[in-house]
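# Architecture at a glance
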Amino acid sequence: MDDKTARGNRLGLLIVGLALMVLSALAIARGARAFPQAPARSPLVDGSVRQPFATYDPWLWWVIAAAGIVLALFGLRWLLAQGRREKLGGMRLDGGPDGVTEVDTGSVTDAAAAEAGTHPAIINATADMIGTSAHPAVRMKVTVAEDAPMSAVREQLGGVVIPHMRQALEAERMPAVARVSLEDAPRRRRTVA
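Residues numbered from 1 in each chain as written. Predicted model: local features only at pLDDT ≥ 70, side-chain atom pairs only at ≥ 80, totals over all residues. Heavy atoms only, no water.

### Here's the deal with the overall build of the protein
To be explicit about the condition: Every helix listed is a DSSP run of H or I at least four residues long, and every strand listed is a run of E at least two residues long, numbered separately from the N terminus. Only protein chains enter the area calculation, which uses a 1.4 Å probe; residues under 20% of their type maximum are buried, those over 50% are exposed, and those in between are partly exposed. Should any heavy atoms of two residues lie within 4.5 Å, those residues are considered in contact. In this description, accessible areas are obtained by the Shrake-Rupley approach with a 1.4 Å probe, and a residue is regarded as covered only by the protein chains that are shown.
A count of helical and extended segments in the protein gives five helices and five strands. N-terminal to C-terminal, the α/β element order of the protein is α-α-α-β-β-α-β-β-α-β. Buried residues in the protein amount to 22% of all 193 residues. For the protein, long-range pairs separated by at least 24 residues make up 54% of all intrachain contacts whose partners lie at least 6 apart in sequence. Element-wise, carbon and sulfur atoms account for 60% of the exposed surface of the protein, whose accessible area totals about 14,700 Å².

Here it is as structure tokens:
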């Protein structure tokens, strides 16, 4: 999920939360008899609410159905946005009269993950390219041995892996985010001959 989607989620939840707070405050106020014109025992759906349904009976239900469909479409769009991947599949490195140079970012990220895994402290690594061809970025997931110094892992990623990716993709700048998780170092098996 990217920042734009996360921002949209927060805004939507804020609006729904505020609407529910206002409605619940009105219900509590009515139950506490804060509105003298509406007795606490009178039904919520009284004549003033039923009147439009009686007056505009045939088409008011169509308006309600259309509003429900619009809300359902907004909900479907929200669900699709949650699963949207922003992976970058390929990049155009150079284009001219002689031809176009394109690279599959999957092979670059596989090479970067393999290079990160050569460090003895790194148990496993995966990488994905995100963004656009003009502004690529790297997202890595790295599993590190618990007893490994983080400075060595940071040096491997920031001093070796990411500069090699920048060089391979001919990018001056490549922001990188590494999500590091710790795990017990795998035990080496001893064989007795």
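### Remarks on unusual backbone geometry
The phi dihedral of Glu 170 is positive, around 55 degrees, even though this residue is not glycine. The topology assignment puts Glu 170 in the loop between helix H5 (150–169) and strand E5 (176–183).

### Overview of the nonpolar core
As a reminder, the rule being used: What we call a nonpolar core is a set of buried Ala, Val, Leu, Ile, Met, Phe, Trp, Tyr and Cys residues that are connected through their side-chain atoms within 4.5 Å.
Core analysis: the largest hydrophobic core is formed by 26 residues, its most contacted members being Met 129, Met 140 and Met 165. Of all the elements in the fold, those that place two or more residues in this core are helix H4 (105–116), strand E3 (122–131), strand E4 (136–145) and H5. Per element, the largest residue contribution to this core is six residues, and it comes from H5.

### Considerations on a nonpolar patch on the surface
Let me state the cut-off plainly: Nonpolar side chains (Val, Leu, Ile, Met, Phe, Trp, Tyr) are joined into patches within 5 Å and like charges within 9 Å, using only residues with over 30% relative accessible area and no salt bridge. Put simply, a salt bridge is a Lys or Arg side-chain nitrogen that is within 4 Å of an Asp or Glu carboxyl oxygen.
Taken together, the side chains of Val 16, Leu 20, Val 22, Leu 23, Leu 26 and Phe 35 define a hydrophobic patch exposed on the protein surface, amounting to about 550 Å² of accessible area. In this fold, Leu 20 is placed in helix H1 (residues 3–31).

### With respect to the side chain of Thr 143
Structurally, Thr 143 is set in strand E4. For Thr 143, a relative accessible area of 15% translates into the label buried. Those residues in contact with Thr 143 that lie beyond four places of it in its chain are Ala 121, Ile 122, Ile 123, Asn 124, Ser 181 and Glu 183.

### Comments concerning the environment of Gly 12
Its place among the elements puts Gly 12 in helix H1. Here Gly 12 falls in the partly exposed class, since its relative accessible area comes to 32%. In this structure, the C-alpha to C-alpha distance between Gly 12 and Trp 78, residues 66 residues apart in sequence, is 9.7 Å.

### Quick word on a negative patch on the surface
Worth spelling out the cut-off: Charge convention: Lys and Arg are scored as positive, Asp and Glu as negative, and His as well as the terminal groups of each chain are ignored. A single reference atom marks each charge: NZ on Lys, CZ on Arg, CG on Asp, CD on Glu.
There is a patch of like negative charges on the surface, built from Glu 146, Asp 147, Glu 183 and Asp 184. Of note, Asp 147 is situated in the loop between E4 and H5. Owing to a relative accessible area of 66%, Asp 147 belongs among the exposed residues under this scheme.

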